[in-house]
Amino acid sequence: MASSNSKSTNETTRKIFKILLSNPRIKVSWVKAHAGNISNERADQLAKDATQHGQPYSHTKLPKSHIKGLLRKRMLEEWQTSWKNGNTGRKIYNIMPSVSLRPTNWIREDVIFFSQHGPFPAYLRRFHLSDNDYCSCGGIGTALHYATECIYTVSWHIRKSAPDFEQEWLKRVANNLFCRQKIRGIIKFVSENRDLFRPP
C-alpha cells in the first residue's frame, strides 16, 4: 500500500502515513474487491458516484464543525430511510417512527415488552419453543395480555386499550415513565417465574 511507504513523495500519502504513525490503534488491511464485503462494496459505490456525479475537488478548507454537521445530517437521512423501509423491528418502528441520536432511556425490559420478543408463549410458539401460545390463566400469552388482563400480573396492570387504538396506547405507554415502571415489573416477574405461566 502506498500509504504505508514512509519514503513516498506524494503529499497525501505522507499525511496518511503520519496519521497512521500517531494513531497505533488504526489498523489498515487489504480487502479483496468484489468478494461480498458490504462495507467495501459501499466504498466502491461511493467512489464511483463521486467520480461521476461529485463536485470537483477543491482545496477550500471548511471548518470541522461544518463538515461534522453535514455528515451527521446525511447519516440521519440514510438511517431514517433504512428504518422506514426495513423489514424488521416494525413493532418498535410503529412506536418510534423517527430515528434520533438522543437516548430513549429504555432498559432491557422495555425493549422486551415493546418488541414483544420475550418469555411470552405466543412469541415462543412462533419458534417452536412452546407447544401452544396460551398462558396458564387461559388467555393468549402475549406481552399485552400480561400488561392488561393476566390474573398473575394484576398488581402491575395498565388499563386496556380498545382494539382499534392499540398502537396509540403503546405509544402512550412508551412515553409514560410510570407505565414503563409497571411494564418492567411485569417482565421481571414473568422472566423469573416462567413455570407459573406454562399451561398444565
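The residue numbers shown here count from 1 along each chain, following its written sequence. Reporting of local features is limited, given that this is a predicted model, to residues whose pLDDT is at least 70; pairs of side-chain atoms are given and counted only at 80 or more, and all residues count toward the totals for whole chains, interfaces and linings. The side-chain quantities take in all heavy atoms of the structure and omit both hydrogens and water.

### Observations regarding unusual backbone geometry
Although it is not a glycine, Asn-105 sits at a positive phi angle of roughly 65°. Each helix is a run of DSSP H or I of at least 4 residues and each strand a run of E of at least 2, with the numbering of both proceeding from the N terminus. Residue placement: Asn-105 occurs in the loop between helix 4 (90-95) and helix 5 (108-115). Of note in this structure, Gln-116 is not a glycine but carries a positive phi near 60°. With respect to the secondary-structure elements, Gln-116 resides in the loop between helix 5 and helix 6 (121-126). According to the relative accessible area criterion, Gln-116 is buried, its value standing at 18%. Buried residues are those whose accessible area, probed at 1.4 Å on protein chains only, stays under 20% of the maximum for their type, while exposed residues exceed 50% and partly exposed ones sit between those limits.

### Observations concerning the packing of aromatic side chains
Only Phe, Tyr and Trp rings take part, Trp by its six-membered ring, and two of them pair if their centres are within 6.5 Å. Stacked means planes under 30 degrees apart, edge-to-face means over 60, and tilted covers everything else. Here the structure, examined in full by the defined rule, presents nine aromatic pairs. Cation placement over rings: the criterion is NZ of Lys or CZ of Arg within 6 Å of the ring centroid and within 35° of the ring normal. When the ring centre of Trp-83 is taken as origin, the NZ or CZ atom of Arg-90, which lies over that ring, is 5.1 Å away. One residue, Arg-90, lies across the ring of Tyr-93, its end atom 4.5 Å from the ring centre.

### Considerations on the packing of helix 5 against helix 9 (residues 177-192)
Closest axis-to-axis distance for the helix 5/helix 9 pair is 9 Å, and the angle between their directions is 85°. Comparing their axes, helix 9 and helix 5 come out roughly perpendicular. Contact residues: helix 5 offers Glu-109, Asp-110, Ile-112, Phe-113 and Phe-114, while helix 9 offers Arg-180, Ile-183, Arg-184, Ile-187 and Lys-188. A breakdown of the residues in the contact of helix 5 with helix 9 according to their chemical character gives five nonpolar, no polar and five charged. Axes here mean lines fitted to C-alpha atoms, for a helix over just the part in contact, with angles spanning 0 to 180 degrees between N-to-C directions. By the definition adopted for this analysis, an angle is roughly parallel if under 35 degrees, roughly antiparallel if over 145, roughly perpendicular if from 65 to 115, and oblique otherwise. Between two residues, a contact is recorded if the distance between any of their heavy atoms is within 4.5 Å. For this classification, the nonpolar set comprises Ala, Val, Leu, Ile, Met, Phe, Trp, Tyr, Cys and Pro, the charged set comprises Asp, Glu, Lys and Arg, and every other residue, Gly included, is treated as polar.

### Here we look at helix 9
With 16 residues, helix 9 extends 22 Å between its outermost C-alpha atoms, agreeing within 8% with the 22 Å of an ideal straight helix rising 1.5 Å per residue. What helix 9 keeps buried is the set Cys-179, Arg-180, Ile-183, Arg-184, Gly-185, Ile-186, Ile-187 and Val-190. In this structure, the buried residues of helix 9 make contact with helix 5, helix 7 (143-148), helix 8 (166-174) and helix 10 (194-197). In protein, a polar contact requires one atom able to donate a hydrogen and another able to accept it; more generally it is a pair of N or O atoms within 3.5 Å, and residues adjacent in sequence count only if both atoms are side-chain atoms. Where helix 9 starts, the residue carrying a side-chain oxygen 2.9 Å from the main-chain nitrogen of Phe-178 turns out to be Asn-176. Any helix carries an expected span of 1.5 Å times its number of residues minus one.

### Comments concerning the side chain of Ser-161
Along the chain, Ser-161 falls in the loop between helix 7 and helix 8. Since its relative accessible area comes to 19%, Ser-161 is described here as buried. Each residue touching Ser-161, except ones within four places of it in the same chain, is listed here: Glu-166 and Trp-169.

### Examining the side chain of Arg-180
Topologically, Arg-180 is positioned in helix 9. Within the local environment of Arg-180, its side chain forms a polar contact with the backbone oxygen of Ala-174, the two atoms lying 2.8 Å apart. Excluding residues within four positions of it along the chain, Arg-180 makes contact with Thr-104, Asn-105, Trp-106, Asp-110, Phe-114, Val-173 and Ala-174.

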